[in-house]
Amino acid sequence: MNILEQLAEHARFRVEENKKNKSLEEIKAEALSLPKGAFEFEKALAMPGMSFICECKKASPSKGIIAEKFDYLDIARAYEEAGADCISVLTEPKWFLGSDKYLEDIANAVSIPIIRKDFTVDEYMIYEAKVLGASAVLLICSILTEEQIKDYIRICDSLGISALVEAHDDAEVKMAARAGARIIGVNNRNLRDFSVDTGNSRRLKALVDDKVIFVSESGIKTAEDIFQLKEAGVDAVLIGETLMKATDKKGKLKELRGDEDDNN
């Protein structure tokens with residue numbers, strides 16, 4: 001199995017373990033008892049100009065430990081203060097060293113929308129994300145069927161949260177569109193071999209209707225990268241490693257946002 005398949009397989013195992021403590025019926029009832037969301041995540045990304053989704057992650061399969069000192073609340077607050085539109089929180093525990101607690105704590109500490117970055121393979125994880133305080137979940141075309149994506153978007157809609165549907169190639173972008181995705185993200189990193197090409201987003205943007213919010217993910221390092229993506233019509237960027245490796249995360253984000261504003 002490639003890493004993406006391993007991540008999906010482990011996610012299925014985690015869901016089955018979680019169901020031993022709290023059944024699908026229980027987590028669903030808990031999620032539905034909460035106030036319905038107002039799709040804050042997609043509203044934030046739909047604002048004029050380039051939107052920034054800033055990521056909190058300790059590690060990744062390709063880079064190993066990214067942040068030895070992982071003060072996730074300080075990081076999230078710094079992102080918000082610097083003008084981030086949304087925050088992405090890794091909850092995958094084995095390869096990304098994420099935690100549901102990180103998401104829950106950050107959701108209580110900031111006022112901007114949060115996406116649960118995990119490998120959604122079961123509806124259980126969507127209800128779980130709502131209970132943890134997420135405003136959005138990630139749905140990856142490579143590990144889901146078109147029917148699953150349609151069904152999971154329907155569940156998200158019932159909870160008032162958003163679905164970022166991630167694709168990597170032409171076929172997956174078309175699949176996401178057919179499934180009714182309102183937000184399509186293109187991952188510039190191929191999770192099968194870890195190669196990165198931001199040109200992937202610029203190329204695939206042409207396949208997506210302008211009414212759909214388009215997000216470029218991974219490998220974005222400079223204001224020039226952002227400028228080129230904006231020129232291609234990209235609505236938002238998800239930036240992880242570049243910010244996580246910056247000593248001054250607040251300053252780095254301000255630099256990226258400021259350069260982007262200067263190019264308007």
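About the criteria used
Residue indices follow the written sequence of each chain, beginning from 1 at its first position. With pLDDT at 70 or above as the cut-off, local features in this predicted model cover only qualifying residues; side-chain atom pairs require 80 or more to be listed or tallied, and sums for whole chains, interfaces and linings still use all residues. The side-chain values count all of the structure's non-hydrogen atoms but skip hydrogen atoms and water molecules. UniProt positions are given in the numbering used here, feature names are shortened, and annotations may be inferred rather than shown by experiment. Helix numbering and strand numbering both begin at the N terminus, where a helix is a DSSP run of H or I of at least 4 residues and a strand a DSSP run of E of at least 2. Radius of gyration means the value over C-alpha atoms here, while the globule rule gives 2.2 Å times the residue count to the 0.38 power. Burial classes follow relative accessibility: with a 1.4 Å probe on protein chains only, a residue under 20% of its type's maximum area counts as buried, one over 50% as exposed, and anything between as partly exposed. By the convention used here, residues are in contact when the closest approach between their heavy atoms is within 4.5 Å. Residue exposure ignores everything except the shown protein chains as possible cover, and the areas themselves are Shrake-Rupley values with a 1.4 Å probe. Note on charges: Lys and Arg go in the positive column, Asp and Glu in the negative column, and His and the chain ends are not counted at all. Here the site of a charge means NZ on Lys, CZ on Arg, CG on Asp, or CD on Glu. Two strands pair if DSSP finds at least two bridges between them. With axes taken as lines fitted to C-alpha atoms, and helix axes fitted only over the stretch in contact, angles between N-to-C directions fall between 0 and 180 degrees. Handedness of a crossover: with both strands directed away from the viewer, a clockwise path from the first strand across the helix to the second marks it as right-handed. Throughout, the term roughly parallel applies to angles under 35 degrees, roughly antiparallel to angles over 145, roughly perpendicular to angles from 65 to 115, and oblique to all others. With the far helix as reference, a near helix turned anticlockwise by less than a right angle produces a left-handed crossing, and one turned clockwise produces a right-handed crossing. Here a polar contact means two N or O atoms within 3.5 Å. Within protein one must be a hydrogen donor candidate and the other an acceptor candidate, and residues neighboring in sequence count only if both atoms are side-chain atoms. Note on residue classes: Ala, Val, Leu, Ile, Met, Phe, Trp, Tyr, Cys and Pro are nonpolar, Asp, Glu, Lys and Arg are charged, and everything else, Gly too, is polar.

An unreviewed UniProt entry lists the protein under the name Indole-3-glycerol phosphate synthase, with Pseudobutyrivibrio ruminis given as the organism. On record in UniProt, under Sequence similarities (unreviewed entry), the comment for the protein is "Belongs to the TrpC family." Under Catalytic activity (unreviewed entry), UniProt gives the following word-for-word description of the protein: "1-(2-carboxyphenylamino)-1-deoxy-D-ribulose 5-phosphate + H(+) = (1S,2R)-1-C-(indol-3-yl)glycerol 3-phosphate + CO2 + H2O".

Okay, the overall build of the protein next. Looking only at helices and strands, one finds 12 helices and 10 strands in the protein. Its C-alpha atoms give the protein a radius of gyration of 17 Å, near enough to 18 Å, the size a compact globule of 264 residues would have. Its C-alpha atoms give the protein principal-axis dimensions of about 50 × 40 × 40 Å. Considering the protein as a whole, with its 264 residues, one finds that 55% of them fall into the buried category. Across the protein, every contact between residues at least 6 apart in sequence was considered, and the portion connecting residues at least 24 apart equals 68%. Carbon and sulfur atoms form 47% of the exposed surface of the protein, whose accessible area is close to 11,300 Å². Counting 37 positive and 48 negative side-chain charges, the protein places the centres of these two groups 1 Å from one another.

Before going further, it helps to examine the sheet that holds strand β7 (residues 162–167). Overall, parallel pairing links the eight strands, which are arranged β1-β4-β5-β6-β7-β8-β9-β10 in a closed barrel. Ignoring which end each strand starts from, the neighbouring axes of this sheet average 25 degrees apart. Direction of pairing for strand β5 (residues 114–117) relative to strand β6 (residues 136–140): parallel, over a ladder of two bridges. Looking at β6, one finds that R116 is bridged to V137. Sheet strands touched by helix α8 (residues 170–178): β7 and β8 (183–187). Its angle to β8, the strand with the most contacts, is close to 165 degrees.

This paragraph deals with the pairing of strand β4 (residues 86–90). The element β4 is extensively covered by neighbouring structure, given that five of its five residues are classed as buried. Burial along β4 is two-sided: the residues C86, S88 and L90 and I87 and V89 are all buried. Strand direction decides the pairing type here: strand β1 (residues 51–56) and β4, joined by four bridges, are parallel. Bridging from a neighbouring strand, C54 pairs with I87 of β4. Taken together, β4, helix α5 (residues 100–109) and β5 constitute a β-α-β crossover, and its handedness is right-handed.

Looking at where F41 falls in the secondary structure, it is placed in helix α3 (residues 40–45). Considered as a pair, F41 and A11 are 30 residues apart in the sequence and their alpha carbons are 24 Å apart. When residues no more than four places from it in sequence are discounted, the contact partners of F41 are I53, C86, P113, I115, S135, A136, S162 and I183.

Here we take up the packing of helix α6 (residues 123–132) against helix α7 (residues 146–159). Across the interface, α6 lies against α7 with an axial gap of 10 Å and an inter-helix angle of 25 degrees. With respect to each other, α6 and α7 are oriented roughly parallel. Of the two elements, α6 crosses α7, and the hand of that crossing is right-handed. Along the contact surface, α6 presents E123, I126, Y127 and K130, while α7 presents Y152, I155, C156 and L159.

Turning to the side chain of S216, a few remarks are in order. Of note, S216 is situated in strand β9 (residues 213–217). Of the residues examined, S216 reaches a relative accessible area of 0% and is grouped as buried. Only 3.0 Å separates the side chain of S216 from the side chain of N188, close enough to count as a polar contact. Of the polar contacts made by the side chain of S216, one reaches the side chain of S201; its length is 2.8 Å. Beyond its immediate sequence surroundings of up to four residues, S216 is in contact with V186, N188, S201, L229, V234, A236, V237 and L238.

Between helix α2 (residues 24–33) and α6, the shortest axis-to-axis distance is 8 Å and the interhelical angle comes to 40 degrees. With respect to α6, the axis of α2 lies oblique. In terms of crossing hand, the pair formed by α2 and α6 is left-handed. Mapping the contact onto sequence places L24, I27, K28, E30 and A31 in α2 and E123, Y124, Y127, E128, K130 and V131 in α6. A class-by-class count of the residues in the contact of α2 with α6 yields six nonpolar, no polar and five charged.

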